[in-house]
Amino acid sequence: MSHLTNMPEIDSKSGYNKSNSTFYSKRKPPPLPSNETLDVTTFISARAHHGKVAYIDASTGQRLTFSDVWKAVESVSSSLSELGIRKGDVVLLLSPNSIFFPIVCLSVMSIGAIITTTNPLNLNTEINKQIKDSKPKLAFTTLELFSKLRDSNLPVVLITPNEKFLDTTTTKVVTTLEEMMSRKPKNKITKERVTQDDTATLLYSSGTTGASKGVISSHRNLIAMVQTVIGRFNLEVQQQQTFLCTVPMFHIYGLVAFATGLIASGATIVVLSKFEMHEMLSSIGTYNVSYLPLVPPILVALVNNAEQIRAKYDLTSLKWVLSGGAPLSKELTEGFMEKYPGVTIMQGYGLTESTGIGASTDNIDESRRYGTAGMLSSNMEARIVDPETGEALPVNRTGELWLKGPTIMKGYFSNAEATASTLDSTGWLRTGDLCYIDEDGFIFVVDRLKELIKYKGYQVPPAELEALLLTHPEIDDCAVIPFPDKDVGQFPMAYVVRKNGSNLSDKEIMDFVSKQVAPYKRIRRVAFIGSVPKNPSGKILRKDLIQLATSKL
């Protein structure tokens, strides 16, 4: 039963309050700590649970118990203080996934310093741009990625055992993580007072619709996120559960789940250093994995190759697949559940700006509501706002989704203009997503507001055409972008990945679509591509495709 039943002004089915045009979460709100002097690391480490093994390296089998993790965090925190890192200082972490990634994050945040992460695939110029913006005092990286920091003049801690860098003559390496972890903490270092309002993380948003910006998240934001994650999986009342970390920890999805949220629950996390399909599937059987978080493109591959996968790998322990980054179609969801009986897909929706929290499906019944991003997360409020008039809309009306709650960011780092255009004066976050909320409180994402194609004044959602194209038996993947045209403004253009052996033509694709949509939605140009570029959370990088399409004009 919804906790809203005691609030007569709010519709208990949809969560909608007519008097202020606001939707309220139907989920029971978890308690949030009132102690203002509290950092997220202390909050997580103080939780009582019965977990034994916290992290396992999928390729080597190396394990860290919860006791190992907290001893390491204490030693590394002390070492950071000895190196002169203070409250408010920024520390850069450039690393692939590893069982040590969370130790660095938790240690930095425990002394009130700020962790900023970056994608190991980024070019030196992109990393230097982030360094120039965030001004870190220290960097953690691996020997393989060390060259990417060569021009930065930053002191470096290597997340690599000693023997691997004995030959390096650089003075930039101040120590190794292994040495920091092995030091006994010194009692004389006094920890500075950290409050819930202090900044904990500075993650750079993916920039799919503009320049990448630093998102300021506080300890309060992260603590509320941890509470939501624990409530979502109900882990404290379950038997020991094992999650497979397939998504990058530098991204909000991975950081929320694997470096902070789940460690508070006592779950075991098996870490893949990089995504590789065979290693992912074999790890499920090897480590008795029950939860598999992934992004939609991997889900598509699991459905398309189900027969071979089930014949080759032991997936009997798998009970839940967690998908985020893009909505799942009815066809894909049904196809997966038919080919992998006994496994339920849970959907999630969140942004870097909302600390990865927003909406989710949390059980089998909710997951059967196909195509939804889920119901509002606990403690979250929403509005659906008409982008043209600013009017807040009721149930089943499409507009921009606005969110408000304890996980919403403080703002963008050193960017008052971007902050003002995204956060209103009362704390509402404009997500940029076109959505509607149905009569049962489920959110449906229609498209990105900024990605709508404007054809003769008509608005064409690319996601609608992509979903249609993916129903074609000879199409593996696709992306639809606006193509500039002097007569109509923009028209839809499709980038298509054909299935192996297919000779599908551009005309056949255009005819397939035109039979099923209004004339203004028709695709008027097609290009074939080997793979659709996507960011780590599975979102299509349309700006890259637009650049590719228009570079020949």
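Placed above this text is the structure.
Just so it is clear, the structure is predicted and the values come from calculations on it, not from any experiment. (Residues numbered from 1 in each chain as written. Predicted model: local features only at pLDDT ≥ 70, side-chain atom pairs only at ≥ 80, totals over all residues. Heavy atoms only, no water.)

Please clarify how unusual backbone geometry should be interpreted in this entry.
For residues that are not glycine, phi is negative in most cases, and the peptide bond is trans in most cases. In the Ramachandran plot, N288 falls in the positive-phi region, its phi being about 60° despite a non-glycine side chain. Along the chain, N288 turns up in the loop between α8 (277-286) and β14 (291-294). On the basis of relative accessible area, N288 is assigned to the exposed category, the value being 54%. Even without being glycine, S414 reaches a positive phi, approximately 50°. If you trace the backbone, S414 turns up in the loop between β22 (411-412) and α13 (416-422). (Helix = DSSP H or I, 4+ residues; strand = E, 2+ residues; numbered from the N terminus. Buried < 20%, exposed > 50% of the residue type's maximum accessible area, 1.4 Å probe, protein only.)

Explain the pattern of salt bridges here, please?
Should the charged atoms of two oppositely charged side chains come close, the side chains can pair. Applying the stated criterion to the full structure yields 16 salt bridges. Measuring nitrogen to oxygen at the nearest pair gives 2.7 Å for the salt bridge that ties R369 to D438. Of this pair, R369 sits in the loop between α12 (364-367) and β18 (374-376) while D438 sits in the loop between β23 (429-437) and β24 (442-448); the two residues are 69 residues apart in sequence, bridging distant segments of the chain. Look at R369 and you get partly exposed, because its relative accessible area is 28%. A relative accessible area of 5% places D438 in the buried class. A salt bridge links K521 to E464; its shortest N-O distance comes to 2.8 Å. Taken together, the residues K521 in the loop between α15 (506-514) and β29 (525-528) and E464 in helix α14 (residues 462-469) connect sequence positions 57 residues apart. Judged by its relative accessible area of 35%, E464 is partly exposed. (Salt bridge = Lys/Arg side-chain N within 4 Å of Asp/Glu carboxyl O.)

For this particular structure, what's the right way to read the packing of helix α9 (residues 296-304) against helix α11 (residues 330-339)?
To characterise two packed helices, one gives the angle between the axes of the helices and the distance between these axes. Interhelical geometry of α9 versus α11 gives an angle of 50° and a closest axis separation of 9 Å. It follows from the interaxial angle that α9 and α11 lie oblique. Between α9 and α11 lies a crossing of left-handed hand. Residue-level contacts link L299, V300, L302 and V303 of α9 to L332, G335, F336 and K339 of α11. For the contact of α9 with α11, the residue count by class is 6 nonpolar, 1 polar and 1 charged. (Axes fitted to C-alpha atoms, helices over the stretch in contact; angles between N-to-C directions. Parallel < 35°, antiparallel > 145°, perpendicular 65-115°, else oblique. Left-handed = near helix turned anticlockwise from the far one by under 90°. Contact = heavy atoms within 4.5 Å. Nonpolar A, V, L, I, M, F, W, Y, C, P; charged D, E, K, R; others polar.)

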